[in-house]
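Here's the letter readout for the chains.
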Amino acid sequence: MFVLHIALQGCLRAHDVEYGVTADTGGHIRYLLDLVRASGDNPAIDRIEIVTRAFVDPVHGQCYDQCIEAIDDHTRIVRLRTADSRYLAKEQLWTQHDSMVEALVAHIGRLDRWPDVIHAHYADAGALAAAVQARLGIPYVFTAHSLGQVKRAAFDGPCRELDGLDRRIVIEDRAISGAAAIIASSRDEAELQYALYEAYDPGRIRIIAPGSDVKDFADARPDPAIDAAIDRFLTDPAKPALLAIARPVTKKNLSGLVEAYGRSPALQAAANLVIVAGTREDLRTLEPEVRDNLAELLILIDRYDLYGKVAYPKTHKPSEIPAVYAYARERRGVFVNPALNEPFGLTLLEAAASGLPVVATDSGGPNDIVETCGNGLLVDPRAPEAIAAALLSILEEPARWDRYAAGGRTAVRTYDWAAHVAIYADLLSDVVAAGVTQAAPDPVAAQLLVSDIDGTLLGSSEALSAFREWHGDERALVFAVATGRSFHSAMAVLAQHHAPLPAIVISSVGSEIYHRQPGGVYARDTVWDAKVAAGWDREAIAQVIADEGGLTPQSPLEQRRAKLSYMIQGDPDAGRRLRGLLDSRGLACTIIQSHGRYLDVLPFAASKGTAVEHVRQALGLAPRQVIVAGDSGNDIEMLRSAPNAIIVGNHSDGLADRKDLSRCYVARGHHAQGILEGVAHFRKNAQRA
């Protein structure tokens, strides 16, 4: 494949990127360059171009007017000239759309081979990709990196960053609407942020967590020069260091961190604060937003009289950052990301790999990172007291610090660029194939296999490998998953474990159904949505539970249009009590407990069992042609309703002892091995019949 990336923001070059030199020269450039370099090692991608704007600006250097910059033998940066030759901030890029489209179409026309697919980064690139698709028919995928609707929600009052936001949102909606697929970094982005747009279509969004070359950070060692550059600010440099590394722009909320530190004498007594906020020579020469944010930091340091407690070095090289993390680690410090919203959070992975616990915003990608790595705490970035309390809890509990520091090893194993590109290349191949060939008709389904994910399909890498090989030979089998996870969470965890992609995803405990389409995307089953919605009064149920239920809601990410989710703290009677409470109010619903910790409230029509029956009828299969497999309480409805049901050997919630599940096959094998064992059992029985 020939992949053409469009990235218009900031100062983009192949080497020695000056991160933070402008407000738009940030993590998205690093993501793009790392993605491109890793893509070069994937055999499916044989040619890459990064198209950006050429500009002349003596402040930022002459290299950005260079038309061609080679990265390697099959990868290059192409800079196209537009009507305005100056450097432009992202808020002004819309003025160059028309001339950029003409320049890009002309450039493609001169190539010996057209790109197979375009990957657009940020809103303006998405607008260009949509225009090129209309002119030349080349499909595109879209990565937003950050979204205007989220920025609008993050700010309470007037702010320079909100200038032109309405225009940006319109451009983003256009980019989302025309994309063959959308690549998101986290569940928060996929399920909450994109949902704010009119063009939102969850089935076209795939979560592919960015990789990170964090091995250098895992080996990070202190550097005496770096130590000295930080220590010169501090009265007691031996104290633990609270470290923040971010561009000094409003959304990164560095002032919120200084506010939290300044308001907490206990935190000041326990640790120093170290802020690495880009590179600067003279505040007066910086862009207004960067200048204003740095000025605000200095004002807060003065207001709270934090001299000798806060370090804010002026310059650093990218190569020096591992030593900065090592500085904080050696002092048993904590890394802090207080951003109002963080689409992903590469610095969190760097900190984790360096052996630093983290305290991070609960808005965006940190939810996924902290859940995966178990390396810290999430906080509301607008609550200074919560930030301070979280930091103190880690600093004051050595065992917790050790546990979170050890969790960082998971980051090195999990967030790998080769794994990212393998999923990415498969998605691009599906997009390209859908655009150039007529999809072959699916074979006539002879059997439907529906499996739970966590604890059933997943749990043993050896068993999953055997299942993957078996599945590859099953041409007439429709493979589906039924899970308590959301659609995007399910797709992300399946990709992470290299599980076969299902033809059908029954998600959120049966309240949503998605069907795979050509191009590797999924379409939501709107017929099922209508069935589920009948008689479902979500607001009334949520209010009764809030007022009288005594249950703790799970995170906003776990709440769905047709699902309310709570923690039950091991209370086996929680479901029975809630059932009585809601019945007394005449509120119809289904209540499901699982794993001794979770409770889900669903529409009366929704469950894994009813969803499987809906899918069976849609496929035109007889009940005997359906096999289901599960391991826990949220699988009970599915196991009870299907004539061919497998309980895998590692089951929980007493499934094998339930009388209503007595006809299920209880496998000896665990996880996916139990599925294979059960399928073989039922197929053998069918042959005998």
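Anything mentioned here points back to the structure above.
Values in this document were obtained by computation on a predicted structure and should not be read as measured data.

### Description of the sheet that holds strand 23 (residues 598-602)
Strand order in the open sheet formed by 4 strands is 20-21-23-22, and the pairing between neighbours is antiparallel. Sheet topology places strand 20 (552-553) and strand 22 (590-594) at the edges, where each strand pairs with a single neighbour. Bridge count for strand 21 (residues 564-567) against strand 23 is 4 bridges, and the pairing is antiparallel. Across the sheet, Met567 pairs through a bridge with Tyr598, a residue of strand 23. Packed on one face of the sheet, helix 22 (residues 538-549) meets strand 21 and strand 23 and runs near 15° to strand 21. Against the sheet, helix 23 (residues 574-584) engages strand 22 and strand 23, with an angle of about 170° to strand 22.

### Looking at the environment of Ala120
Counting through the fold element by element, Ala120 comes out in strand 5 (residues 117-121). Looking at Ala120, the relative accessible area reads 0%, which means it is buried. In this structure the C-alpha to C-alpha distance between Ala120 and Leu340, which are 220 residues apart in sequence, comes to 24 Å. In contact with Ala120, not counting residues within four places along its chain, are Ile6, Ala125, Gly126, Ala129, Val141, Phe142 and Thr143.

### Re the environment of Thr456
Tracing the chain through its elements places Thr456 in the loop between strand 15 (447-451) and helix 19 (461-472). With relative accessibility at 0%, the residue Thr456 sits in the buried group. Apart from the residues within four sequence positions on either side, Thr456 is in contact with Ser451, Ala629, Gly630, Asp631, Asp635, Val648, His671, Ala672 and Ile675. Polar side-chain contacts of Thr456 include one of 3.0 Å to the side chain of Asp452.

### Here we look at the side chain of Asn253
You can see Asn253 is positioned in the loop between strand 9 (241-245) and helix 9 (254-262). In this structure Asn253 comes out as buried when scored by relative accessible area, which is 10%. A polar contact of 2.8 Å, which involves the side chain of Asn253, links it to the backbone oxygen of Pro338. Each residue touching Asn253, except ones within four places of it in the same chain, is listed here: Pro338, Ala339, Leu340 and Pro381.

The rules we used
- Residues numbered from 1 in each chain as written.
- Predicted model: local features only at pLDDT ≥ 70, side-chain atom pairs only at ≥ 80, totals over all residues.
- Heavy atoms only, no water.
- Pairing = 2+ DSSP bridges.
- Helix = DSSP H or I, 4+ residues; strand = E, 2+ residues; numbered from the N terminus.
- Contact = heavy atoms within 4.5 Å.
- Axes fitted to C-alpha atoms, helices over the stretch in contact; angles between N-to-C directions.
- Buried < 20%, exposed > 50% of the residue type's maximum accessible area, 1.4 Å probe, protein only.
- Polar contact = N/O pair within 3.5 Å; in protein donor to acceptor, adjacent residues only side chain to side chain.

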